[in-house]
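Structural features, examined
Chain residues, written in single-letter form:
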Amino acid sequence: MSNLFSYDFRYDENVYETETSLKQEEVEEGIGRIYYKLVDPRTIVNGGEIDDSGHRLLRSKHEQFVRDALHGLSSGFAVLDASQPWLAFWSLNSLDIMGCDIDPQLRRRAVETVKRFQSENGGFCGGNRQLPHMAGSFAAIMTLVLVGDDEAYKSIDGEEMYLWMMTMKQPDGSFAMHTDGEVDVRGIYCAMVIASLLNIMTPELIANSANFISQCQTCEGGIGPYPGVEAHGGYTMCGLAALEILGKTDVLDLGRLARWMSSRQLAFEGGFSGRTNKLVDGCYSHWVGGAFALLQKALKRSQSDGYLYDRAALQRYVLTCCQDGRMGGLRDKPGKSSDLYHTLYCLSGLSLSQHYMGVNPEELISDSASIYSVPARMMQWDSIPIGTEILGLRSNMVKPVHPVYGVSLVPLAKCIKYFYSLPPLAASFT
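Below: a short report on this structure. Note that this is a predicted model, so its numbers are computed, not measured. (Residues numbered from 1 in each chain as written. Predicted model: local features only at pLDDT ≥ 70, side-chain atom pairs only at ≥ 80, totals over all residues. Heavy atoms only, no water.)

With that settled, the discussion passes to the side chain of Ser408. Relative to the helices and strands, Ser408 resides in the loop between β4 (382-383) and α17 (409-419). Judged by relative accessible area, Ser408 falls into the buried class, the value being 3%. At 2.5 Å, the side chain of Ser408 and the side chain of Asp96 are in polar contact. Setting aside its immediate chain neighbours within four residues, Ser408 contacts Asp96, Lys399, Pro400 and Val401. (Helix = DSSP H or I, 4+ residues; strand = E, 2+ residues; numbered from the N terminus. Buried < 20%, exposed > 50% of the residue type's maximum accessible area, 1.4 Å probe, protein only. Polar contact = N/O pair within 3.5 Å; in protein donor to acceptor, adjacent residues only side chain to side chain. Contact = heavy atoms within 4.5 Å.)

Structure, rendered in structure tokens:
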């Protein structure tokens, strides 16, 4: 656990100033002021050691921030009209990860809200009278997973969902996000998550998808949205998670991927950036942090091998730089406002850095590429207690999050058990 503070860790622009390097210096100055206050004065002559003992997750403030949003948002949020399932998902998932109560009334409200967005032609829309969308469908399904009861599960029309996703399927293995919409790795991830949860995976649905993702790996090592485009932390997470569902992470150059991902953690800030020469952002605690858990498994690294990034440094960044102590909620970086998106993904990243998520190597399923092995393989993921690392107060611990699905383990297991106890709908499609 590294707690050394030094301004020598800052970005070196090699004398050539750019708009990006000047912004980087500004961010470092703000974060430096926060970290310097935490330095033990007795160690300052040696560079300074940060005292991490007092870091506290402001759980009650963040809970109130989310609950206030659930009571109603201002007119300014009209710009997110096409993201209504996401607002529900970010809110409920944040509460669940923190261990806050989601009462029956809120669960019913979530189901009734999401049901309105289900298209009669399959899939879920981002809002009323809109086109069904792959990302909106992901958020809607995951919201219902978090509700976690029969009413929520029965509200999903799995057969129409499958038929709609097949209309989004492209010959190269990718998926359009909506009718005549953009094609990128997100579509594959959303489709694989939905299909694996609802027991509607078929050879036709997954055909060529792993190959498409492999073509999106760039010369840097990360994964871009589609072939020939710059690598990005979010697309890397989506691509790697989709390959984990497919049991085909070996199609990637994992060594190159590991080098690119490791370079996303910034030495001074401790948090992750999403792309080369970009600023730190709290949301990548999830997008890159979750990808690291998947990479560990793909590389066959055990808990004893340690993580490929500094987990304590990431927790320090989230707890000291991303929490809004006045309004509640979490944010991108100091100076930014908290919002539901960053609240969820900072909390998820915090969880993924606290818990060592993995699979017992002695229990690995050999036929990992079979669609019939998916539910068993996904439920093998668990938090390995000996790998737990909590920075600051012990009460900072949040629930373990599944690195593929981004939700806690209990509602995920309930959903998988429910849908895989039913006859596979896909049997009538082939």
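On to helix α8 (residues 185-198), then. With 14 residues, α8 extends 20 Å from end C-alpha to end C-alpha; this agrees with the ideal 20 Å at 1.5 Å per step. Of all 14 residues that make up α8, 13 are buried, and the element is covered over most of its length. For α8, the N-terminal capping position is held by Asp184, with its side-chain oxygen 2.9 Å away from the main-chain nitrogen of Arg186. Asn199, located one to two residues past α8, shows a positive phi value of around 65 degrees. (Expected span 1.5 Å × (residues − 1).)

A few words now on the nonpolar core. Counting 133 residues, the largest nonpolar core has Phe89, Met165, Met192, Leu197 and Tyr405 as the members making the most contacts within it. Sequence-distant contacts of Met192, defined by excluding residues within four places in its chain, comprise Phe175, Met201, Leu205, Ile206, Ala242, Ile245 and Leu246. (Core = buried A, V, L, I, M, F, W, Y, C linked by side-chain atoms within 4.5 Å.)

It is worth spelling out the packing of helix α1 (residues 19-36) against helix α14 (residues 311-321) at this point. The interhelical angle for the contact between α1 and α14, taken along N-to-C directions, is 95 degrees, at an axis separation of 11 Å. Judged by the inter-axis angle, α1 sits roughly perpendicular to α14. When α1 is examined against α14, the residues Ile31, Ile34 and Tyr35 are found in contact with a partner set consisting of Arg316, Tyr317, Thr320 and Cys321. Grouping the constituent residues of the contact of α1 with α14 by class yields 5 nonpolar, 1 polar and 1 charged. (Axes fitted to C-alpha atoms, helices over the stretch in contact; angles between N-to-C directions. Parallel < 35°, antiparallel > 145°, perpendicular 65-115°, else oblique. Nonpolar A, V, L, I, M, F, W, Y, C, P; charged D, E, K, R; others polar.)

The full count for this structure, using the stated rule, is 18 aromatic pairs. Judged by centre distance (6.0 Å) and plane angle (70 degrees), the rings of Trp86 and Phe89 are edge-to-face. Of this pair, Trp86 and Phe89 both sit in helix α3 (residues 84-98), separated by 3 residues, roughly a single helical turn. Exposure class is identical for Trp86 and Phe89. Each is buried. A centroid spacing of 5.3 Å and a plane angle of 45 degrees characterise the contact between Tyr307 and Tyr309, whose relative ring orientation is tilted. Tyr309 shares its class with Tyr307; the two are buried. (Phe/Tyr/Trp six-rings, centres within 6.5 Å; stacked < 30°, edge-to-face > 60°.)

With 18 residues, α1 extends 26 Å from end C-alpha to end C-alpha; this agrees with the ideal 26 Å at 1.5 Å per step. Along α1, the residues classified as buried are Ser21, Gln24, Val27, Glu28, Gly30, Ile31, Gly32 and Tyr35. Summarising the contacts, the buried residues of α1 are in contact with α14.

In a structure, side chains of opposite charge can pair up when their charged atoms sit close to one another. Evaluated as defined, the whole model comprises 15 salt bridges. A salt bridge links Glu29 to Arg10; its shortest N-O distance comes to 3.1 Å. Here Arg10 lies in the segment before α1 and Glu29 lies in helix α1, a separation of 19 residues in the sequence. Between Lys333 and Asp332 there is a salt bridge, with the nearest N and O atoms lying 2.7 Å from each other. For Lys333, a relative accessible area of 7% puts it in the buried group. A single salt-bridge network, built from bridges that share partners, covers Arg108, Asp149 and Glu151. (Salt bridge = Lys/Arg side-chain N within 4 Å of Asp/Glu carboxyl O.)

The subject of this paragraph is the environment of Ser196. Topologically, Ser196 is positioned in helix α8. Assessed through its relative accessible area of 2%, Ser196 is described here as buried. Here the alpha-carbon distance between Ser196 and Pro375, two residues 179 residues apart in the chain, equals 7.0 Å. The residues touching Ser196, leaving out its near neighbours within four places in the chain, are Met201, Ile245, Val374, Tyr405 and Tyr420. Reaching out from Ser196, the side chain makes a polar contact with the backbone oxygen of Met192 at a distance of 2.8 Å.

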